[in-house]
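Understanding the architecture of this molecule
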Amino acid sequence: MKLRSIMYSIGQGFKSIWRNKMFSLASVATMTACIFLFGIFFSLGVNFSGMLKNVEESVAVTVFFEKGITQEQKDAIGNDIKARTEVSSYKYVSGKQAFDTVIKDFYGGNKELAESFADDNPLADSDNYQIFMNDVSSQQKLVTYLSKLQGVREVHQSEAAARTLTDFSRLISVIFGSVIIILIAVAIFLISNTITVGISVRKEEIAIMKLIGAKDSFVRAPFIVEGIVIGLSGSIIPLIILWFMYKNLIVYIASKYQFLSNLFKFVPETSVFKTLVPIALILGVGIGYIGSRFTLHRHLNV
Amino acid sequence: MIKMEHVSKTYQTGMPALSDINLHIRPGEFVFITGVSGSGKSTMIKLLLDEMKPTKGRIFVNGKNLAGITRRNIPYFRRNIGVVFQDFRLLQDRSVYDNVAFAMKVVETSNKKIKKSVPEILSMVGLAAKYRSLPKQLSGGEQQRVAIARALVNQPKILLADEPTGNLDNPNGWAIMKLLEEINEKGTTVVVVTHNLEFVEKMDKRVITIKKGQIVSDKESSEEF
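The structure reproduced in this document is the subject of the present report.

Cut-offs and rules
- Residues numbered from 1 in each chain as written.
- Chains lettered and ligands numbered in written order.
- Predicted model: local features only at pLDDT ≥ 70, side-chain atom pairs only at ≥ 80, totals over all residues.
- Pairing = 2+ DSSP bridges.
- Helix = DSSP H or I, 4+ residues; strand = E, 2+ residues; numbered from the N terminus.
- Axes fitted to C-alpha atoms, helices over the stretch in contact; angles between N-to-C directions.
- Expected span 1.5 Å × (residues − 1).
- Buried ≥ 20, exposed ≤ 12 C-beta atoms within 10 Å, placed from the backbone.
- Contact = placed C-beta atoms within 7 Å.

Re the sheet that holds strand β3 (residues 30-34) of chain B
Residues and elements named next belong to chain B. If you walk across this open sheet you meet the 6 strands as β6-β7-β8-β3-β9-β10, and the pairing is mixed. Whereas interior strands pair on both sides, the edge strands pair on one side only; in this sheet they are β6 (81-85) and β10 (214-219). Each neighbouring strand pair of the sheet contributes to a mean axis angle of 15°, computed without reference to strand direction. Where strand β7 (residues 158-162) and strand β8 (residues 189-194) come together, 5 bridges link them in parallel fashion. Bridge pairing in β8 places Ala161 opposite Val192.

Encoded structure:
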């Protein structure tokens, strides 16, 4: 298509939006609502993932050694753990450190109460590796692997915590995905409706164009421009609203509900929008394009 | 220029519209196709524009077998045919100039050429002074002149006119017929579908009569003899 034809199609696309301003406005509004809800779900999702990650990272797998193994063998096990991709970090906890933790947890500041154990550390043979994971859903796989390593006596895991977190994460993904799919379907339907109105208004013009010898692409282009402009407007508007909302909401929650900000850290707006902006724009343009193509295919025999 | 060989068209309802049509229209001819309503005249126009395919037979236009034209190439084929309709089919929200320029824009002609050609063709149909008027501000005859200008602005080799005087009074109808005759004299092949026998009888052109989908007579003009 020549440049002047592209310009002509863009002009006609905008004219068509203006001619059917009420329908176009309704489509932009729906698209705005869809992308706005998507943005909210996305922001919640990102923050929720952050929370889950924090929780996941605090769930540890503990590896205990067989009695009498050498430090070299323990180091070799450490290297095996380090090589695993699902492992985020690991640390060696000596028997003394383990005992100190127990004393701290059970007797608090009253160290004298634990004096009866002074020279007899019951956890002397309980030195271990504490492993923290990237993804708690792979915990069982790691535990099976670790159990088979030579020199490993026992592997402790919090199976219930891992399963709960995995299931919860999956549930959130399913809800998030379903809502997005429904919203996209509604947006495509509405854009398709607007384009259908545009086609019926321009039916005569289209018939003349075809008889004169306009190429299919030339007839289609203004409607595709119309769909894309509606989709794009419907994604830019909510992004601007969401940006200010998100920014102010973090500040508001941080100042009003301090316990919440102590519980977990909000993902900063720049990190959220770095991903959200391209996704929302692509979604907007994509929905507009698909909506118009779908309608052209159905109502316009070109 | 236009050739139909054993062409038949039956609609999906089973109703036959044309049956075993054979005709040959030579370059530069002025031909009337006449017949009562429902005789198959409009079906013939649609077949010539490749808006529909014949059930049987072959159609050649400008030397091209329409059966061999792909969907992608139909627009290029149609650029060599100008069409005029009974109801003018003008864009009501655009001026006379824009209606004519529209035909050039959709075939992606340069703005420079549009600015040169549109005033020329409007002048030829006698509407140069009304280039800014909207269709509703024009008489029926003037609207049909705009439609003719739009059909001719891309310099097609063939002009198909489907009942071009159907919505006009007698003087305006005659003026349009005279304009079509002038266009033909400049070399364009003109095919006029009409049921107005007054024009047909007085203009002394080749007349093809269709009845119930069949050619019942093909009378050459007296000039041919």
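Comments concerning helix α4 (residues 111-124) of chain B
All names here are of chain B. With 14 residues, α4 extends 20 Å between its outermost C-alpha atoms, agreeing within 8% with the 20 Å of an ideal straight helix rising 1.5 Å per residue. Looking at α4, one finds that the buried residues are Ser117, Val118, Ile121 and Leu122. Against α3 (96-105) and α5 (140-152) lie the buried residues of α4. The first or second residue beyond α4 is Gly126, which carries a positive phi of 80°.

Some remarks on the sheet that holds strand β1 (residues 2-10) of chain B
All names here are of chain B. Taken together, 4 strands build an open sheet; the order of strands is β2-β1-β4-β5 and the sheet is antiparallel. The strands lining the two open edges of the sheet, one partner per strand, are β2 (16-25) and β5 (64-65). Looking at chain direction, β1 and strand β4 (residues 56-61) are connected through 5 bridges and run antiparallel. Across the sheet, the residue bridging to Ser8 is Lys56, located in β4. Docked against the sheet, helix α1 (residues 41-48) engages β1, β2 and β4, running at close to 120° with respect to β1.

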